[in-house]
Structures are given as C-alpha cells and as structure tokens.
Amino acid sequence: MSKLIPSLDNFTRCHDTSEPISNFKAPRGQAGVSILWPKQWSSKIKKLEVGNERIIAISIATKPMLCIINAYMPTINTNSEIQYSECLDIIFDIIEKHQSKYIIILAGDLNGSLLQTRTNKHDKLLKEFVQEVSLFRPDLGNQPTFFHHAHHGSSQIDYILSNRNNLSKKYSILDKSYANTSAHCAVILHTNISIPLLVRNTNQKKTIKTKVLWEQRDEEKYRETILNELLQKDLPTLDIDKQIDIISNSLLNAQQQSIPSKITQLKGPKWKATPEVTVLLRMCKVIYNKWADLGKPIGHPLSLELKIHKKKLRQRQRMEQAIDRNTIHNKIMNTSSSQMFHRLIRRNLGDNSQSAINCIKTDENEYLFLAKDQRKAFANYYEDLSAPKPEQFDDLYVNLCKIRQKEMLKTLEDQEIPSDYFTSADIIKAIEELNMNKSPDEFGLCAEHLKFSKNEIAPYLTKLFNNIIETLKTPGTFKTGILFPVLKKDKDPSDVNSYRGITVTPVIGKVFEYCILPKLNLQNITNLQFGFTKGLNPLISSFIISESKYDQTRKNNEFYMGFLDVKSAFDVVQHDIILDKLLDLNIPSFLWLVIKDLYSNLSTKVKWQGDLSEKFLGPPRCTTRWDFVYSSLQNICTRPTFRTRKKLSRFKYWKYFCWYSYMR
C-alpha cells in the first residue's frame, strides 16, 4: 500500500498475513483491509491492537474523538453465517469498549445488505447487529454499491455507519469509473468533524530520498571543499569521536556542493503500466465514454462489454505484478554476483513497509501487527542469537581462555607501542579495497566519498588511526551498525527466524579494519579453503568434488559424500575463544589489544519498515570484521573432519568418502 500511495500512511492487514500467497492466485473473498490517512495526521492516530485479518481499527485524537473500524466481512456461502457471526462479535467488542469515549464509525464491505428487499442469512444478521448497537446511515434508496463480476446482478453491501445520526454532512455513492477494476463502487462520507493539519516546524528539514550521481561529479571542487573544511579545524586537539564526526561532515558537505543528485522517490504511484495494460485501459475508457453518452442504461450491451474488459484488465494487472515479484526474487536469489546480493539488501533499506508483511510471529507464537512491536521482536531475536549459550561451549575451556587473556594483559601493559604504525600508503590501499555502488552507512557515507578524495583524506585518517593504536581504544562509532532483516529463500515471511541479518557498518570503520588485516599476516592453514580467500571461489570446490567422483566411478568404486554445515557459526561464536586463538598466531600484541577493544561493547539497531529499533548489545552481523573471526576460526572448524573420519569405518569404501564442510 505504501508503494502504491506513498503520500499517505496506512494500517493494513491481509487475509494471507500468516501464509502469504500471490495476488494472482488469491481466491475470491480473501483479500484484506486498510485505512489510509494524510501523513500530517499520523501523530493523532493510534493503531488499535484489536480485530483480525478481516477487521482493523484506529483511534483519532479529535474533539470529539473518533474510532474508525474497517471490516471486510465473509462472502456468503455454505455455513458462512458462523464465520460472519464471529466477525460481528469482534466488531461488537470493539464498539462496546470504545463507545463511551469515541464516536464509532464502521465502514467497509459488509457482505450483507440493510435493504428491506434482501433477506438472506447475512442480511438478517447484519440488520439485527446494526439495531443492537444503534448504528445509523443516511437513506440513499436502493442505489447499488456492488456489481457481480459474472453479471448475476447488483446490490448494496458497502456502508459507512456511525453511532451518531447527526455526524454526516454528505453521504454519497460514486458511479462506476472505467478505470475502476473492482466490482464495488466508492462510498463517501463527509463528517462535521474537522481534523486540523499539523503545522510543520520551519526548522525541520523535509526528508527526500535522493541518489547521488557520482559519475557527474566535479572532482576538483569536491577535493578542494574537503581540504578547505578540514584545514579550518584543529583535529589533533580533539577526541577521536569528534574527529570522525568532523571528517564525516566535511565529506557530506563537499558532496552536496559539488555532486548533483536526483530524487528517487516522488509522490504518486510507482507502478508503470505496460503496453498491454495501456491498451486495455484505453479500451475501457472508450467503451465507458460511449456508455456514458447513452445515459449509462442498465443492462446495455456496452455495460456488459465494459465489465468484460475490466475483468481482463484486472487479471492482467495481477498477473504482471505477480510475475514481476517472482522474477526479481528468483534473479536475486539465483545469481551469485555481489551486485545482485546488495540489490536484495537495498530492497530492504529505507521505508520498506511495502515489501514487509503485516504480521510477524515470534518464538512464543505471538503475532505482532504493529511495526514498532515487530522491530522490538527482531531486536530481541538478534540479541539472543548473538549471545553465546553456555551449553554450546566447554565452560572449562572458555574459562581457561579468559584466564590466559587476563594474564597476557598484565604482560602487555608496559609494551612499547609504535607512534606511526600506519602510513598514508596503508590508508590509500585500504580505501581502494572498498566496494563502490553500495548503500551508505548510518552517517550517510559510502565508499565513493573516500575513494574520490583518498589523497586528501588519507593524512587525516592516518593520524586518526595511529591515535587509536597509541591509545589502544577504538571509537564508539566503529562499534555500531544498522541491521536489515532479509528474508531467506523459500522461508515463511511471517516467522522471525526466517530472516538473515545483514548489517551496514560505518565506512571509516571498514577502512580501519582493512588497514589492520594485512598487518596480521594471517595465512590459510589448508590449500582447500576457497571461501573468504582472495583470488579463489567456492565453485572451485565443486570441480574437485566432480573430479573425485569421476575418478572413483571410473574405477568402479562406490563414492560417498558427506556435508557438514556449521549452523549459525558467526551468530554464536565465542569471542573469548577466538581472541585466544589469535594469541597463538604471533600477531603484534598491541594489535591484539585493539581487536579485543573493537569487539567490546558492540551495539546494533534493527531497521524495519522505515524506522530503527532501540539499540541492543550484540555484534553486527556479516561485516568486514568477520574476516578476523573467520581467519582464526579455520583452525577450529577443520578438526571435525579428521575426528569424524574415524567413525566412517563401517563403510566398505570409507577411504573414498568425500567429506565436505562449509560455512555460511
């Protein structure tokens, strides 16, 4: 809904909230409900945690206060009166709870008529209910609001009802438009209650989503602006976090002054009609105009022809939307390029309420409909996931690692630390390692900011990083991250466990990590490690496997293959064990202290449906600094291969058993 009408806020629930299905395959009578309002009203509106997938409600802080209920009642079929009565009971409870303080407005497709000429089972239940709770509506005669898609007739089943008979200034039912592919007509109620628009703070900047056009940059002006701003600041006299803040602002100011940008989000629908849809729209318009010129006679052949073409238009729209979603998803999931992977991440950045489902289920089987509750659930899930569980590790071994590190800290206190450990060449080389065309971090910086000013910014980052080495303290801005939940392939989108956390960390912090990595001189302990190894690719392992299989098949030997997946290895990794392993790699002791500090007091925020959760303690996931973890973790992960091989003797040809372990 937010994608189709970005200028309005909304509260939406769908019939397939728990088990999403494509619109193209949605059965009749199973859609959803939505209430939309101008964004200026959002501070006065509260989404009520009542109802179900067919019924939602909001309250509006007006004088007098309003409670609006939107309902999509079940369609009539065999034994449908049971479900219909259950929905009426839910609406009754909402009205009974709020009618003492609120004016009640009930609106929607009630799938029952208040006309005296209709008396089916839904009609009787609805009339009794309206009389019981004292709801009113203006009398508009027998004007229909619904036209059967198979031309079996028309009826009046869409209403706006209220518990105040003097609420309405104007009540009307609009005529069918040629572009209206629904079987229903719009019903409009003008009330005598006014909702004042909030006056915007003149100092508040309007947020507009833009894309920086780096290919059109004025590079000379960009570099000059950065130098002029930094030369005016006495950075060495400031603390590290303040220096990073000034450098970041200088880069952003220079970008705004010397690099053009374009707006990427405008008001109005983003969906563009295809040529096939455009043809159907034009045909509907032509037929409608001819029918309107005749006075819109009921049952005229043009009326029937218009309904047929509208049905074709509706089918085509749903089919194209479903195909488009499936095509994009499959392309992203089945393509191994980093560009497609980051495209998936960008689809979840910003206000992603249009792609997020309306309900999230927690491990306690609690269903959450409000975005703030969903963000909190994700934050709790990832915080718990990042905390190592005692039962997953040998307590004695972990304690020994902690004792060893404590003793090492005593011996390293008086160690001499070099003052100029990093050079400008190290900084420039690290900046060149950054990948461009990626999403900006939480401060608005991306790789391009540094790459196009590396010679100007390198001296300042050199002093900054050397200061970190001298003090053995990493700044707090390096320890933060924004985590975006990304749905795993073929997983239930309503389950919080179905999302992989991808974190965007500060760009300057990545440069610092890329400066440290070469200094560690880490080497692979096996020549069969293809993942996380420069110049190699995991696809090479498939070649080795296929060759092994071919060789044994050619010799008429049986061939067995086992797969070992270290589940959630990076989520539950015990930092004390990793830091202990790093001590055995003969890295400079002051670097070990810096890495230890870098892993202390890490914090993350979850971004979901356009807003951030509260900060929680936990390591950012899937970031550059995992290279530290993985390089030292290889020593641990290869052990099960040799231990488990002894247990394979029950196989007749156990020596031809191919053991393949991998980590995600």
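Rules used in this analysis
- Counting from 1, residues in each chain are numbered in the order their sequence is written.
- Only residues with pLDDT of at least 70 are given local features in this predicted model, and only at 80 or more are side-chain atom pairs given and counted; all residues enter the totals for whole chains, interfaces and linings.
- Heavy atoms from the whole structure form the basis of all side-chain values; hydrogens and water molecules are not counted.
- Every helix listed is a DSSP run of H or I at least four residues long, and every strand listed is a run of E at least two residues long, numbered separately from the N terminus.
- Here's how the labels work: a residue is buried when its accessible area is under 20% of the maximum for its type, exposed when over 50%, partly exposed in between, all with a 1.4 Å probe on protein chains only.
- Here, Shrake-Rupley sampling with a 1.4 Å probe gives the accessible areas, and only protein chains in the shown set may cover a residue.
- DSSP bridges decide pairing: two strands pair if at least two such bridges lie between them.
- Note on definitions: angles span 0 to 180 degrees between N-to-C directions of axes, and those axes are lines fitted to C-alpha atoms, for helices only across the stretch in contact.
- Throughout, a residue-residue contact means that at least one pair of heavy atoms, one from each residue, lies within 4.5 Å.
- Side-chain atoms within 4.5 Å are what join buried Ala, Val, Leu, Ile, Met, Phe, Trp, Tyr and Cys residues into a set we call a nonpolar core.
- If an angle is under 35 degrees, it is roughly parallel; if it is over 145, roughly antiparallel; if it lies from 65 to 115, roughly perpendicular; otherwise it is oblique.
- For a crossing to be left-handed, the near helix must be turned anticlockwise from the far one by less than a right angle; the clockwise case is right-handed.
- The nonpolar class holds Ala, Val, Leu, Ile, Met, Phe, Trp, Tyr, Cys and Pro. Asp, Glu, Lys and Arg form the charged class, and all remaining residues, Gly among them, are polar.
- Only residues above 30% relative accessible area that lack a salt bridge enter a patch, with like-charged residues linked at up to 9 Å and the nonpolar side chains Val, Leu, Ile, Met, Phe, Trp and Tyr linked at up to 5 Å.
- Think of a salt bridge as a Lys or Arg side-chain nitrogen and an Asp or Glu carboxyl oxygen that are within 4 Å of each other.
- Counting rule for charge: Lys and Arg are taken as positive, Asp and Glu as negative, and neither His nor the chain ends is counted.
- Charge placement uses NZ in Lys and CZ in Arg. For Asp and Glu, CG and CD serve respectively.
- How far a helix is expected to stretch is found by multiplying one less than its residue total by 1.5 Å.
- Aromatic pairs are defined between Phe, Tyr and Trp rings, using the six-membered ring for Trp, whenever the two ring centres lie within 6.5 Å; interplanar angles under 30 degrees are classed as stacked, those over 60 as edge-to-face, and all others as tilted.
- Known as pLDDT, the predictor's confidence for each residue is given on a scale from 0 to 100.

**Q** I'd love a proper account of the overall build of the protein, names of residues and values included.
**A** Each helix and strand in the protein was counted, giving 18 helices and 22 strands. Within the span of the protein, comprising 664 residues, buried residues form 42% of the whole. Summing over all exposed atoms, the protein offers an accessible surface of approximately 36900 Å²; the carbon and sulfur share of this is 51%.

**Q** Quick rundown of the sheet that holds strand β5 (residues 66-72)? Include the residues and the values.
**A** Ordered by their spatial adjacency, 5 strands build an open sheet running β3-β4-β5-β6-β9, and the pairing between neighbours is mixed. The open sheet has two edge strands with one neighbour each: β3 (45-47) and β9 (158-162). Strand-to-strand, the axes of this sheet are offset by a mean angle of 15 degrees, without reference to chain direction. Along the sheet, helix α1 (residues 80-98) makes contact with β4 (55-60), β5 and β6 (103-109), crossing β5 at roughly 180 degrees.

**Q** Mind laying out the nonpolar core, listing which residues take part and the relevant values?
**A** Ile247, Ile457, Leu461, Phe465 and Val511 are the most contacted members of the largest nonpolar core, which has 54 residues in total. Counting residues per element, the ones that place at least two in this core are α3 (219-231), α4 (240-258), α10 (424-432), α11 (447-451), α12 (454-471), α13 (507-520), α15 (575-583) and α16 (589-598). With 8 residues, α12 is the single largest residue contributor to this core. Ignoring any residue separated from it by four or fewer positions in sequence, one finds isoleucine 457 in contact with Ile226, Leu230, Ile247, Leu251, Ile431 and Leu450.

**Q** Which residues make up the packing of helix α9 (residues 395-412) against α16, and what are the values?
**A** Between α9 and α16, the shortest axis-to-axis distance is 11 Å and the interhelical angle comes to 125 degrees. Put simply, α9 runs oblique to α16. At the point where α9 passes α16, the crossing takes the left-handed sense. Taken together, the residues of α16 that come into contact with α9 (itself represented by Gln405, Leu409 and Leu412) are Ser589, Trp592, Leu593 and Lys596. Of the residues assigned to the contact of α9 with α16, the class counts are 4 nonpolar, 2 polar and 1 charged.

**Q** So what's going on with a nonpolar patch on the surface? Residues and values would help.
**A** Together, Leu528, Leu536, Ile540, Phe543 and Ile544 make up a nonpolar patch on the protein surface, roughly 440 Å² of accessible area in all. Turning to its location among the elements, isoleucine 540 is positioned in helix α14 (residues 539-554).

**Q** Go over the environment of leucine 306 with me, naming the residues and quoting the values.
**A** Within the fold, leucine 306 resides in helix α6 (residues 301-334). In this structure, the C-alpha to C-alpha distance between leucine 306 and valine 286, residues 20 residues apart in sequence, is 9.3 Å. When neighbours within four sequence positions are excluded, leucine 306 is seen to be in contact with Cys284, Ile287, Tyr288 and Trp291.

**Q** Before we move on, can you summarise a negative patch on the surface with the specific residues and values?
**A** Taken together, Glu49, Asp363, Glu364 and Glu366 make up a surface patch of like negative charges. Relative to the helices and strands, glutamate 366 is located in the loop between β14 (360-361) and β15 (367-368). What makes glutamate 366 partly exposed here is its relative accessible area of 45%.

**Q** Tell me about α13, residues and numbers included.
**A** Across its 14 residues, α13 extends 21 Å between first and last C-alpha, which sits within 8% of the 20 Å expected from 1.5 Å per residue. Those residues of α13 that sit buried are Val507, Ile508, Gly509, Val511, Phe512, Glu513, Cys515, Ile516 and Leu520. One or two positions beyond α13, positive phi appears at asparagine 521, with a value near 55 degrees.

**Q** Describe in detail the pattern of salt bridges, supporting the description with residues and values.
**A** Per the counting criterion, the structure on display carries 15 salt bridges. Two residues, aspartate 426 and lysine 519, come together in a salt bridge whose shortest N-O distance is 3.4 Å. Here aspartate 426 is found in helix α10, whereas its partner lysine 519 is found in helix α13, with 93 residues between them in sequence. For lysine 519, a relative accessible area of 23% translates into the label partly exposed. If you follow the salt bridges from partner to partner, you end up with Arg217, Glu219, Arg223 and Glu456 in one network.

**Q** For the packing of aromatic side chains, give the residues involved together with the corresponding values.
**A** For the structure shown, the criterion picks out 14 aromatic pairs. For the pair tryptophan 214 and phenylalanine 452, a centre-to-centre distance of 5.6 Å together with 35 degrees between the ring planes defines the contact as tilted. Of this pair, tryptophan 214 sits in the loop between β12 (210-212) and α3 while phenylalanine 452 sits in the loop between α11 and α12, and the two are 238 residues apart along the sequence. Note on phenylalanine 478 and phenylalanine 512: the rings are 5.7 Å apart at their centroids and 35 degrees apart in plane angle, and the pair reads as tilted. On the criterion of sequence distance, the pair formed by phenylalanine 478 in the loop between α12 and β16 (482-487) and phenylalanine 512 in helix α13 is long-range, its members being 34 residues apart. Judged by relative accessible area, phenylalanine 478 falls into the buried class, the value being 1%. Here the aromatic cluster, defined as three or more aromatic residues joined through ring pairs, consists of Tyr421, Phe422, Phe465, Phe478, Phe512 and Phe590.

**Q** I'd like to hear about the packing of α4 against α12, residue by residue, with values.
**A** Packing of α4 against α12 brings their axes to within 11 Å, and their N-to-C directions diverge by 160 degrees. Compared by their axis directions, α4 and α12 come out roughly antiparallel. Relative to α12, the crossing made by α4 is left-handed. The residues of α12 that touch α4, namely those facing Ile240, Gln243, Ile244, Ile247 and Leu251, are Ile457, Tyr460, Leu461, Leu464, Asn467, Ile468 and Thr471. Of the residues in the contact of α4 with α12, the class split is 9 nonpolar, 3 polar and no charged.

**Q** So what's going on with the side chain of aspartate 441? Which residues, and what values?
**A** The topology assignment puts aspartate 441 in the loop between α10 and α11. Despite its burial, aspartate 441 pairs with no opposite charge; the closest candidate is lysine 510, at 7.6 Å N-O. Other than its neighbours up to four places away in sequence, aspartate 441 contacts Val504, Thr505, Pro506 and Val507.

**Q** Can you break down unusual backbone geometry residue by residue, with the values?
**A** At the junction of lysine 63 and proline 64, the peptide bond is cis and its omega measures out at -5 degrees in the coordinates. Phi angles above zero are rare outside glycine, and lysine 296 is one such case at about 55 degrees. Among the secondary structure elements, lysine 296 is positioned in the loop between α5 (275-293) and α6. Judged by its relative accessible area of 25%, lysine 296 falls in the partly exposed class. Here the phi dihedral of asparagine 556 falls at roughly 60 degrees; this positive angle occurs in a residue that is not glycine. Positionally, asparagine 556 belongs in the loop between α14 and β18 (560-565).

**Q** Can you tell me about the confidence of the model for the protein, naming the residues and giving the values?
**A** Taken as a whole, the protein shows an average pLDDT of 79; of its residues, 80% reach a score of 70 or greater. At the low end of the mean pLDDT range in the protein sits helix α18 (residues 639-645), at 34; at the high end sits α10, at 94. Across residues 621-629, where pLDDT falls below 50, the model places 42 contacts with residues more than four positions away in sequence or in other chains.

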